[in-house]
Amino acid sequence: MALTGTKKMFEKAYAGHYAIGAFNVNNMEIIQGIMEGAREKQCPVILQASEGARKYAGQEYIVSLVKTAIEQYPEIPVTLHLDHGSGFQVCKECIDGGFTSVMFDGSKYSFDENVKITKQVVEYAHAHGVVVEAELGRLAGVEDMVSVDAKDAIFTDPEEAAEFVALTGCDSLAIAIGTSHGAYKYSGDPYLDYERLEKVGKLLPNYPIVLHGASTVIQKYVQKCNEFGGKVIGAKGVPEDMLRKAATMAVCKINIDTDIRLAMTAAIRESLMTHPENFDPREYLKPAREAVKQMVIHKIDTALGCANSI
Ligand SMILES: [Zn+2]
C-alpha cells in the first residue's frame, strides 16, 4: 500500500467514534515498534515527524524509513505527517519530499496572519494531493521547538474555529481544550473542556478535530524510569478514559509523543542497569522497541478505540 492522506481515515473514525493515533517518530526502532502495534491491533496509523525530528534524523532518512515500513506492513494504512510546521517553507519541503499530510501551526500568530499562512499552505498542499492540519488556540507546555507558558495558553473559541476552517479550507484543526505539551501537563486535576469540544462539533459537523499534548504519561513507565536511576518527578498527563471520551466526539486524531519517550527510556534504563556488562546497543534497543509496541497497543485499547478498523 502507498502512503495515504487522512481523509478516509478521519471519515471512518468520525463515523465510528474512535480516533487515529498520531505517533511521533525519530528513528527506526520507534517506527518498527509502532508498526508492530498497528499490525497486532489492525488499525491505521499516522507517523509524524516534528521539525526537531527532521533536524535529528534528516528528512530523507525519515521518509525512507517510513517507505520501508509501508512495504513491510502492506495491510496497514499509513500517513506521513509533519507535526508543527512553523511556516510555509518547511511545509513545502515536506510536501515535495513525499509527506502526505502537513501541519501548519500558526497558533502564535494573530487570527488574520494564521488564516493567511494556513491558506497559502492549503493551496500548495491541495495542488499536490496533500492534506493540511492547522491550529487555532494555544496549548501550554514544551514540545521540541515550541514552548508556551501556562499563562499564555488560550482555549479555542468555537465560533472562531468555524470561521477559520471556512476561510482557510484546512482539512483538520487542532484545538486547545485543556491538553498541553510535554510530561508535566497538570499541576491540579486533569481537565478537558468537553462542552467546548461539543460546540465545535456542532458548528463544524463531521469535521475532524485534533488533540495535541495528549499523552497519558503512563505511570508504570515513569516509575520504571525512576526505579532505574531516572529523575522524572511529578509528571502527569491526560487519563486514557478522558481521551477515549473525546474520541467518541469530534476528535479523530490524538497525538502521542511523550508516552513513546517514557516507554523507550524506561526499557533502556532497566536494560542498562540490570545488565551493566552489556555494551551492544541492540541489547537495549530491542526491549525499547518492544516497549513502544506494547505502549501503542495499550493506547489503541484504552484511548483511541481504533482496533480492527482497517
Ligand atoms: Zn503538538
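Procedures and definitions
Residues numbered from 1 in each chain as written. Predicted model: local features only at pLDDT ≥ 70, side-chain atom pairs only at ≥ 80, totals over all residues. Heavy atoms only, no water. Phe/Tyr/Trp six-rings, centres within 6.5 Å; stacked < 30°, edge-to-face > 60°. Helix = DSSP H or I, 4+ residues; strand = E, 2+ residues; numbered from the N terminus. Buried < 20%, exposed > 50% of the residue type's maximum accessible area, 1.4 Å probe, protein only. Pairing = 2+ DSSP bridges. Axes fitted to C-alpha atoms, helices over the stretch in contact; angles between N-to-C directions. Contact = heavy atoms within 4.5 Å. Arc of directions from axis to C-beta. 1 Å grid on protein atoms, 1.4 Å probe; cavity = no way out; pocket = protein on both sides within 12 Å on 5 of 7 lines; lining within 4 Å. Points joined across faces, edges and corners; volume = space filled by probe spheres on them.

Visitor: Just checking my understanding: could you explain the packing of aromatic side chains for this structure?
Guide: Here the distance between the centres and the angle between the planes together describe a pair of aromatic rings. Taken as a whole and assessed by the stated rule, the structure comprises four aromatic pairs. Centre to centre, the rings of Phe104 and Tyr109 are 6.4 Å apart; their planes meet at 20°, and the pair counts as stacked. Judged by centre distance (6.0 Å) and plane angle (70°), the rings of Phe111 and Phe164 are edge-to-face. Remark: Phe164 occurs in helix 7 (residues 158–168) and Phe111 occurs in helix 6 (residues 111–127); sequence separation between them is 53 residues. On the basis of relative accessible area, Phe164 is assigned to the buried category, the value being 0%.

Visitor: Can you help me understand the sheet that holds strand 1 (residues 20–24) in this one?
Guide: In a beta sheet, neighbouring strands pair by backbone hydrogen bonds and run either parallel or antiparallel. The strand order 1-2-3-4-5-8-10-11 describes a closed barrel built from eight strands, whose pairing is parallel. Across the sheet, the mean angle separating the axes of adjacent strands is 25° when strand polarity is ignored. Relative to strand 5 (residues 131–136), strand 4 (residues 101–104) runs parallel, the two being bridged by four bridges. Bridging across to strand 5, Val102 finds its partner in Val132. Helix 6 contacts strand 4 and strand 5 of the sheet and is inclined by roughly 170° relative to strand 5.

Visitor: Is there a simple way to explain helix 10 (residues 240–248) in this structure?
Guide: The set of residues buried in helix 10 consists of Glu240, Met242, Leu243, Ala246 and Ala247. For helix 10, the arc enclosing every buried residue in end-on projection is 160°, short of the 170-degree limit, so these residues lie on one face. Looking at the buried side of helix 10, the elements it contacts are helix 8 (194–203), strand 10 (209–211), strand 11 (251–256) and helix 12 (281–304).

Visitor: How should empty space enclosed by the protein be read in this particular structure?
Guide: All told, the structure shown has one cavity of 30 Å³ or more when counted by the stated rule. In this structure, the largest cavity encloses a volume near 40 Å³. As for the largest cavity, its lining consists of Thr6, Phe10, Ile46, His81, Ser101, Val131, Val132, Glu133, Ser172 and Lys253. Among the elements that make up the lining of the largest cavity, the one with the highest residue count is strand 5 (three residues).

Shape descriptors only; they carry no functional weight alone.
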